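# A look at the structure
Listed below, chain by chain, are the residues.
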Amino acid sequence: MRLLFLITFILMIFSCQNTESTTEVEDNSIKRSDLIGVWEQVDLKVTYNIFDVPDSMRIFEVMEENWTEILSVKPVKTYFMADSTYRQDFIGLDDTVYDTQRGLWNVLGDTLMLISPNATYTYGINLEENGTCQYLGILDWDGDGVEDDKYEARQRLVSRNTQ
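Residues numbered from 1 in each chain as written. Predicted model: local features only at pLDDT ≥ 70, side-chain atom pairs only at ≥ 80, totals over all residues. Heavy atoms only, no water.

## Here we look at the pattern of salt bridges
One pass over the full model with this rule turns up 6 salt bridges. The salt bridge involving Asp95 is made with Lys74; its shortest N-O contact spans 2.3 Å. Of this pair, Asp95 sits in the loop between strand S4 (85–91) and strand S5 (97–108) while Lys74 sits in the loop between helix H3 (67–71) and strand S3 (77–80), and the two are 21 residues apart along the sequence. Judged by relative accessible area, Asp95 falls into the exposed class, the value being 52%. Shared partners join several salt bridges into a network, and the residues in it are Glu40, Glu64 and Arg156. (Salt bridge = Lys/Arg side-chain N within 4 Å of Asp/Glu carboxyl O. Helix = DSSP H or I, 4+ residues; strand = E, 2+ residues; numbered from the N terminus. Buried < 20%, exposed > 50% of the residue type's maximum accessible area, 1.4 Å probe, protein only.)

## Considerations on the side chain of Gln88
Position of Gln88 among the secondary structure elements: in strand S4. A polar contact is formed between the side chain of Gln88 and the side chain of Thr78, at a distance of 3.3 Å. Aside from chain neighbours lying at most four places away, what touches Gln88 is Val76, Lys77, Thr78, Asp99, Thr100 and Gln101. (Polar contact = N/O pair within 3.5 Å; in protein donor to acceptor, adjacent residues only side chain to side chain. Contact = heavy atoms within 4.5 Å.)

## A short note on the packing of aromatic side chains
A full pass over the atoms with the stated rule returns 5 aromatic pairs. An aromatic cluster of three or more residues is present, and its members are Tyr123, Tyr135 and Tyr151. Across the ring face of Trp105, the terminal group of Arg32 is positioned such that the distance to the ring centre comes to 4.4 Å. Sitting over the ring of Tyr79, Arg87 keeps its end group 3.9 Å from the ring centre. (Phe/Tyr/Trp six-rings, centres within 6.5 Å; stacked < 30°, edge-to-face > 60°. Lys NZ or Arg CZ within 6 Å of the ring centre and 35° of its normal.)

## A few points about the pairing of strand S1 (residues 37–49)
Taken across its 13 residues, S1 has 10 buried, putting it largely inside the fold. Bridging between S1 and S3 involves 4 bridges; their strand directions are antiparallel. Looking across to S3, one finds that Glu40 is bridged to Lys77. Sheet topology places S1 next to strand S9 (residues 149–159); 9 bridges connect them, and they run antiparallel. When the bridges of S9 are listed, Lys45 appears paired with Glu152. Here 6 bridges tie S1 to strand S2 (residues 57–62), and the two strands are oriented antiparallel to one another. Counted as the bridge partner of Tyr48 is Arg58 from S2. (Pairing = 2+ DSSP bridges.)

## Side note on the environment of Tyr79
Along the polypeptide, Tyr79 turns up in strand S3. Each C-alpha atom of the pair Tyr79 and Gln163 lies 9.1 Å from the other, and the pair is 84 residues apart in sequence.

## Thoughts on the nonpolar core
Counting 21 residues, the largest nonpolar core has Leu35, Phe80, Trp105, Leu112, Ile125, Tyr135 and Tyr151 as its most contacted members. Among the secondary structure elements, those contributing two or more residues to this core are S1, S5, strand S6 (111–115), strand S7 (120–127), strand S8 (132–139) and S9. (Core = buried A, V, L, I, M, F, W, Y, C linked by side-chain atoms within 4.5 Å.)

## Remarks on the pairing of S6
Side-chain direction in a regular strand flips from residue to residue, so the side chains alternate between the two faces of the sheet. The buried count for S6 comes to 4 of 5 residues, which makes it a mostly enclosed element. Pairing geometry for S5 and S6, over 5 bridges, is antiparallel. In the strand pairing of S6, Leu108 is matched with Thr111. A loop of 2 residues connects S5 with S6, the two strands running antiparallel in sequence, and Gly109 in this loop sits at a positive phi of about 70°. Note that S6 and S7 share 5 bridges and pair antiparallel. Note on S7: the bridge partner recorded for Ile115 is Thr120.

All quantities given are derived from atomic positions and should not be read as evidence of function.
Structure representation (structure tokens):
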């Protein structure tokens, strides 16, 4: 399993190397160095439908000012390391880390891929002038087995030092 994970990541890197093009296009690419550091979740919005209930759109939204009140945890911290690994720490109100997710990451243009042993996540990302990074994706938020839920989130750069 670990070998398959590594091979997939290596193929992803080599298949996405830049090639010269004569066509001028707007470059929305994000440099890897722009993401290296510690990022803290600022807000979260998920739009989803209730399983087997047509036209049942629901919105789950958490803003920075009510994060701990609604979720009873502190905002997630994501560490993007220069060696293409990442770590996400899920932190309780008492500052203890109650869960950690680890994996590999890569940015391709304006797309961020997070590859963990159990799943691969793909987000469109945008670095904003206020020092935040916006994430947009479609995933299975509600656990119904179908990736059809719209995920929007923002993280704020806390530190460039990942130690």
